[in-house]
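Here are the chains, one letter per residue:
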Amino acid sequence: MAMDMTYFNDMEAKIPRGKVRTRFAPSPTGYMHVGNLRTALYTWLIARSSGGAFILRIEDTDQGRLVEGAVDVIYRTLAECGLTHDEGPDVGGPVGPYIQSQRRDTYGRYAHLLVEKGCAYYCFCEKTESEEDSGGFHRAADPCRSLSPEEARARVEAGEPYVIRQRIPETGTTTFHDAIFGDITVENAALDDQVLLKRDGLPTYNFANVIDDHLMGITHVVRGSEYLSSAPKYDLLYQSFGWDVPTYVHCSPVMRDQHNKMSKRHGDPSYEDLKAQGYLTEAILNYVALLGWSPRGELAEREMFTLPELAEAFDIAGISKSPAIFDIDKLTHFNALYLRAMRPEDFHAAAEPYIRQSVKNPGLDTRSIAALLQARCEKLTEIPEKVDFFEVLPAYGTDLFTNKKSKTNEEVSRRMLESVIPALEETAEWSPEAIHGCLTGLAEKLEVKNATLMWPVRIAAAGRAVTPGGAVEICCILGRDECLRRLRVGLEMLEA
């Protein structure tokens, strides 16, 4: 008896059409690695640059790999990055549900429809779960492929466990087109009869993707080039159903070096790791966008892009076939540029939590400290170590008072501090302008260069050879009493 097509016709009627629709379909297995973030970004950019829709779909068919809280990581990462989705589990949409495990009945219906069409078959062979996921055995050795429909149906109705496998043509070729790699032709004899529906009734990744992409009206599928080998089987599924094939965009991998892909097992960072290491989201996104894509035309030489600018400039034709190497030094360079380009108030907001990690004294002005840091740090995580001397004067040796360029040694530094301390004590106003005027005026009176006087003041005030900011800024932030206390400590060390 012919299968009732009402359900399938109703599903076809729901499919949105007429504009670009892309999807990001992560598995909730723990964290957002750089390759995943790039896939999400490119998928979002294709949609936004075309005035289309960006859909979030959660692919949780591999129940054994699910990690608690991983879905929250996905939502949080997309939100922080500004990759807003138009449809998804949390916002709904016309073709939900958007979680694969909630679409279980849908996959079963389409798998059985393929059997009815003669493009799939019931397999009752005893196989391991991993074999079922991969279709990992030679189809010629599978006796179930040649079972008559009547015999197979009888065994199903008798309650015998089964999987449903795709029936790949035994001869001929399959050609598919990829937007980056062009036309690719494979011999059908090289393709295996992959499992579509597992014994637990859940679909395999490869089958669920095709069904969902079609029913959700997806026009462009962005994924890693490791899925190129599966694309001919996807094409055969689309042909079996009589569906249009979406535009494939297979992106080459992100590598940690010339020979190895990035992976968490090797300690390569996720998006959240990079954030924890002090990188700004905007810098991460900008850098990740250029891992395998480059702007064209008049923008060809440009590297810095905001997210809206990327949406305007992005073009699939700019994606490279070659793998991209993740260079942490290059990302650090991007991050420094972004930090320096921030409005001072925005930089202070980002830097303050890091300043307060080491500067606990509420009397010390974090805005003034942040102003010293903005042009002098590459990552936010560098801040606590750079400014901890404001909280407590570190132990240091008198050798720091010697500096050839500033023409100072311990004796010169002693004489400078002997003159500076009373001069600063008499300064009526404690401001950068007043302190600067006092010190430069004193240097002129002593007939020494400004650097000769400023060097020992900075060393005594900070106890460090390298500091963000100079003597004037540091003295001002410390306040009159603490500054003078530290200068006296320095003088005592030089007099000892």
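Up top is the structure.
Counting starts from 1 at the beginning of each chain's written sequence and moves along it residue by residue. Since the coordinates come from a predicted model, pLDDT governs what is reported: local features require at least 70, and pairs of side-chain atoms require 80 or more to be given and counted, while whole-chain, interface and lining totals use all residues. Hydrogens are left out, water is left out, and the side-chain values use all remaining heavy atoms of the structure.

**Details of the overall build of the protein**
Under the convention used in this document: Numbering of helices and strands starts at the N terminus; helices are DSSP runs of H or I of at least 4 residues and strands are runs of E of at least 2. Note on method: radius of gyration uses C-alpha positions; expected globular size equals 2.2 Å times residues raised to 0.38. The rule is simple: take the accessible area with a 1.4 Å probe, protein chains only, and divide by the maximum for that residue type; under 20% is buried, over 50% is exposed, in between is partly exposed. The contact criterion used throughout is that any non-hydrogen atoms of two residues lie within 4.5 Å. Computed with the Shrake-Rupley method and a 1.4 Å probe, the accessible areas treat only the protein chains shown as cover for residues.
The secondary structure content of the protein amounts to 20 helices and 11 strands. The globule rule puts the C-alpha radius of gyration for 496 residues at 23 Å, and the 32 Å found for the protein is more than 25% above it. Along the three orthogonal principal directions, the C-alpha set of the protein runs to about 105 × 45 × 40 Å. Looking at the protein as a whole, 50% of its 496 residues qualify as buried. Nonlocal contacts in the protein, meaning residues at least 24 apart in sequence, comprise 76% of its contacts between residues at least 6 apart. If you sum the accessible surface of the protein, you get close to 22700 Å²; carbon and sulfur atoms cover 50% of it.

**As for the nonpolar core**
The condition is simple: Here, the term nonpolar core denotes a set of buried Ala, Val, Leu, Ile, Met, Phe, Trp, Tyr and Cys residues that are joined through side-chain atoms within 4.5 Å.
Membership of the largest hydrophobic core comes to 101 residues, with the highest contact counts inside it found for I383 and F390. Of the residues forming this core, the biggest block, nine residues, is contributed by helix α2 (residues 34-49). When residues no more than four places from it in sequence are discounted, the contact partners of F390 are V359, L364, I369, L372, I474, I477, L478 and R486. By size, the runner-up hydrophobic cluster in this structure holds 45 residues, among which are Y110, L197, Y234 and W243.

**A look at the pattern of salt bridges**
Selection criterion: Every case where a carboxyl oxygen of Asp or Glu lies within 4 Å of a side-chain nitrogen of Lys or Arg is listed as a salt bridge.
Inspection of the entire model under this criterion finds 28 salt bridges. A salt bridge links D212 to R103, with the shortest nitrogen-to-oxygen separation between them at 2.7 Å. One end of the pair, D212, is in helix α7 (residues 205-215); the other, R103, is in the loop between α3 (70-81) and α4 (104-117), and 109 residues separate them in sequence. Both residues of the pair, D212 and R103, count as buried. Residue E303 pairs with K330 through a salt bridge whose shortest N-O separation is 2.9 Å. Of the two residues, E303 is situated in the loop between α10 (281-289) and α11 (307-313) and K330 in helix α12 (residues 328-341); the sequence distance between them amounts to 27 residues. Judged by its relative accessible area of 35%, E303 falls in the partly exposed class. According to the relative accessible area criterion, K330 is partly exposed, its value standing at 26%. Salt bridges here are not isolated pairs; linked through shared partners, they connect R23, R57, E59, R103, D212 and D213.

By themselves these figures say nothing about function.
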